[in-house]
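# What the coordinates show
The residues making up each chain are set out below.
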Amino acid sequence: MRGATTHKRPDHRDALGPAGPDASRRVGHRGEPDLVIVALIPLALRGVRYRPTSASSLLRRNLWIYGVGGLIIPFVGIKAIDLIIQFIPGFR
């Protein structure tokens, strides 16, 4: 047959890869996100407290939190880590 390949046909029993001593850990690890979602459902149902406020104060608050927190704080943090690392022997 022209253009035929020798790829192994996928088998339904081989979905997790080869069986071995760590196969049970791979199977058990896949259920963890489901438990997190179930644990977060009560938090989502409770919701967020609504506080009536003006648009300008809400904008000011969001710019402060996300502007400073997202743009300035990372640079300060990286510089702080750099200053700490320079005193550890063997890093520079």
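Residues numbered from 1 in each chain as written. Predicted model: local features only at pLDDT ≥ 70, side-chain atom pairs only at ≥ 80, totals over all residues. Heavy atoms only, no water.

Once that is clear, we can look at the overall build of the chain. Scanning the chain from N- to C-terminus turns up three helices and zero strands. Reading the chain from its N terminus to its C terminus gives the helix and strand order α-α-α. Across the 92 residues that make up the chain, the buried fraction comes to 1%. For the chain, the exposed area adds up to about 9,200 Å²; of that, 66% sits on carbon and sulfur atoms. (Helix = DSSP H or I, 4+ residues; strand = E, 2+ residues; numbered from the N terminus. Buried < 20%, exposed > 50% of the residue type's maximum accessible area, 1.4 Å probe, protein only. Areas by Shrake-Rupley, 256 points an atom, 1.4 Å probe, with all protein chains shown as cover.)

Turning next to a positive patch on the surface. Residues R46, R49, R51 and R61 make up a contiguous surface patch of positive charge. Among the secondary structure elements, R49 is positioned in the loop between α2 (32-46) and α3 (55-85). With a relative accessible area of 74%, R49 lands in the exposed category. (Patch = residues over 30% accessible without salt bridge, like charges linked within 9 Å, V, L, I, M, F, W, Y side chains within 5 Å. Salt bridge = Lys/Arg side-chain N within 4 Å of Asp/Glu carboxyl O. Lys, Arg positive; Asp, Glu negative; His and termini not counted. Charge placed at Lys NZ, Arg CZ, Asp CG, Glu CD.)

What follows concerns α3. An ideal rise of 1.5 Å per residue puts 45 Å on 31 residues; α3 measures up with 43 Å between its terminal C-alpha atoms. At G69, α3 shows its largest bend, some 40°. (Expected span 1.5 Å × (residues − 1). Bend = angle between axes of the 7 residues up to and from the residue.)

Moving on to the confidence of the model for the chain. Confidence in the prediction of the chain, expressed as mean pLDDT, is 76, and 64% of residues score 70 or more. Within the chain, no element has a lower average pLDDT than helix α1 (residues 23-29), which sits at 55, and none a higher one than α3, at 89. (pLDDT = per-residue confidence, 0-100.)

Residues I37, V38, I41 and L45 make up a contiguous nonpolar surface patch of roughly 430 Å² in combined accessible area. Turning to its location among the elements, I41 is positioned in helix α2. Residue class for I41 comes out partly exposed when judged on its relative accessible area of 43%.

Now for the environment of T53. The residue T53 is located in the loop between α2 and α3 in this model. For T53, the side chain forms a polar contact with the side chain of S57, separated by 2.5 Å. (Polar contact = N/O pair within 3.5 Å; in protein donor to acceptor, adjacent residues only side chain to side chain.)

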